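Letter by letter, the chains look like this.
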Amino acid sequence: MAASDVGLPSIAILGAGIFVRTQYIPRLREIADIVVVKNIWSRSENSARAAADLAREFFPDIECKWGDAGLEDIIQDKAIQGVAVVLAGQVQVDISLRMLKAGKHVLQEKPAASNVTDANIALSTYKSLCTQICPRPIWAVAENYRFEPAFVESKKFLNEIGDMMSVQVIVEGSMNSSNPYFMSSWRRRFTGGFILDMGVHYIAGLRMVVGCEFSTVSAVTSHVDTTLPPPDNISALFKLENGCAGVFVMVVSSKSPKIFWRVVGSKGTLQIERGNKDGKHGYIVLYYNTTGQSESFFYPFSGVNEELKAFVNDISEANAKDGYEAEPRSSYIEGVRDVAVLEAMLESGMKQGAEVQVRKY
């Protein structure tokens, strides 16, 4: 470890897949002044070595680990204070709990769990662990939408639009054979398929903007594109706890991709839409005031960078302050709430649109 790295939080990355190579490593490079990546682990040696090579320019002492023995090395390494768990959705919770039991802070990729039943068991285990380990290990879920400046800034307009009258979320995705995640085997074995894996992002964005929880949902699901796991379409009517109703429509693969959130109020309207400007991808925020005049703002994507910075900061603070409360936007509970909404919608779809209560946390 370089002399300049002394005192910086040291982390390991568990996983060496597409998202690690294209997002985690580039974003961690950008914050190499505040964190040290000590290890990258994968089930296979080749994957671990390939990912470590990508990170070595900025983390020259990085080591690759693989298999059960490599995972145990990371668990036993007291120098590693935190881990990013970026693995198949079916195994993330078990691996996260193993790391938490070892006293390591965990940033686990979304979704928080495969279903709310598994999440409840995990939460119970985590709460028990927190009474036995000091300092209390942080369990964060990497939901970058809660850190995107577009959603953070849009909340400031919510009071300006008056009483909430209608909410719309329209997602026309582009999950086809040209998408690098299209053939992801674990997503195809996931209950709810891409609807759950992708959908938690859009629910997180919605909950972030409206600042209100879901009460009930009623949904219709269908399976049209047989190259995708079922279901691949969902249309849901939902009711928020503030009494406002809304619609959530998600098409996993569309020929005309479009994604937006729209909140109509008694005094104005707020809309967040995926788009690009000057070659940068991000979100266009539109605010319509009482006279119908609009203001437009563009925010480039930076949620992954911001959530990683927040996690690194939480590690530093938790190790320095007893009883430190971590960044609430990353909390495991927030991730579970996203899953609970999607699970209720999928359950309603299986019951031909019957109204389903969303589990409370």
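Residues numbered from 1 in each chain as written. Predicted model: local features only at pLDDT ≥ 70, side-chain atom pairs only at ≥ 80, totals over all residues. Heavy atoms only, no water.

J.: Kindly report on the pairing of strand S3 (residues 63–66), identifying the contributing residues and their values.
T.: Two strands pair when backbone bridges link them, and strand S2 (residues 36–42) and S3 are joined in this way by four bridges, in the parallel orientation. Across the sheet, residue Trp-41 finds its bridge partner in S3, namely Lys-65. In this fold, S2 hands off to helix H2 (residues 45–55), which returns the chain to S3; that crossover is right-handed. (Pairing = 2+ DSSP bridges. Helix = DSSP H or I, 4+ residues; strand = E, 2+ residues; numbered from the N terminus. Right-handed = clockwise from strand over helix to strand, strands pointing away.)

J.: Before we move on, could you go through the packing of aromatic side chains and cite the residues and values that matter?
T.: Counting across every chain of the model gives 15 aromatic pairs. Centre to centre, the rings of Tyr-145 and Tyr-202 are 6.0 Å apart; their planes meet at 80°, and the pair counts as edge-to-face. One end of the pair, Tyr-145, is in the loop between strand S6 (139–142) and helix H6 (149–154); the other, Tyr-202, is in helix H8 (residues 193–210), with 57 residues separating them in the sequence. Each member of the pair, Tyr-145 as well as Tyr-202, is classed as buried. Geometrically, the ring pair formed by Trp-261 and Tyr-283 is edge-to-face, given 6.1 Å between the ring centres and 65° between the ring planes. (Phe/Tyr/Trp six-rings, centres within 6.5 Å; stacked < 30°, edge-to-face > 60°. Buried < 20%, exposed > 50% of the residue type's maximum accessible area, 1.4 Å probe, protein only.)

J.: So what's going on with the environment of Gly-246? Which residues, and what values?
T.: Mapped onto the elements, Gly-246 comes out in strand S10 (residues 245–251). C-alpha of Gly-246 to C-alpha of Ala-236: the two residues are 10 residues apart in sequence and 8.4 Å apart in space. Residues contacting Gly-246, with those up to four places away along its chain left out, are Val-167, Ala-236, Leu-237 and Phe-238. (Contact = heavy atoms within 4.5 Å.)

J.: Pulling in residues and values, what's your account of the UniProt feature "domain: Gfo/Idh/MocA-like oxidoreductase N-terminal" (unreviewed entry) in the protein chain?
T.: The UniProt feature table records "domain: Gfo/Idh/MocA-like oxidoreductase N-terminal" (unreviewed entry) at residues 11–126. As a span, residues 11–126 carries 47% helix and 21% strand, and end to end its C-alpha atoms are 20 Å apart. (UniProt positions renumbered as here; feature names shortened; annotations may be inferred.)

J.: Could you give an account of the UniProt feature "domain: GFO/IDH/MocA-like oxidoreductase" (unreviewed entry) in the protein chain, with specific residues and numbers?
T.: When the UniProt feature table is mapped to this numbering, "domain: GFO/IDH/MocA-like oxidoreductase" (unreviewed entry) covers residues 160–270. Secondary structure content for residues 160–270 is 21% helix and 45% strand, and the end C-alpha separation is 9 Å.

J.: Let's hear about the packing of helix H3 (residues 67–76) against helix H4 (residues 92–101): which residues, and what values?
T.: Between H3 and H4, whose axes approach to 9 Å, the crossing angle comes to 40°. Between H3 and H4 lies a crossing of right-handed hand. Counting all contacts with H3, which are made through Leu-71, Glu-72, Ile-74 and Ile-75, the residues of H4 involved are Ile-95, Arg-98 and Met-99. Residue composition of the contact of H3 with H4, grouped by class: five nonpolar, no polar and two charged. (Axes fitted to C-alpha atoms, helices over the stretch in contact; angles between N-to-C directions. Left-handed = near helix turned anticlockwise from the far one by under 90°. Nonpolar A, V, L, I, M, F, W, Y, C, P; charged D, E, K, R; others polar.)

J.: Any chance you could break down the pattern of salt bridges for me, citing the residues and the numbers?
T.: A complete count under the given rule lists 22 salt bridges for this structure. One salt bridge in this structure joins Arg-207 and Glu-334, with 2.7 Å as the shortest N-O distance. Here Glu-334 lies in helix H10 (residues 332–350) and Arg-207 lies in helix H8, a separation of 127 residues in the sequence. Glu-334 carries the same exposure label as Arg-207, and that label is buried. Using a relative accessible area of 6% as the deciding quantity, one classes Arg-207 as buried. (Salt bridge = Lys/Arg side-chain N within 4 Å of Asp/Glu carboxyl O.)

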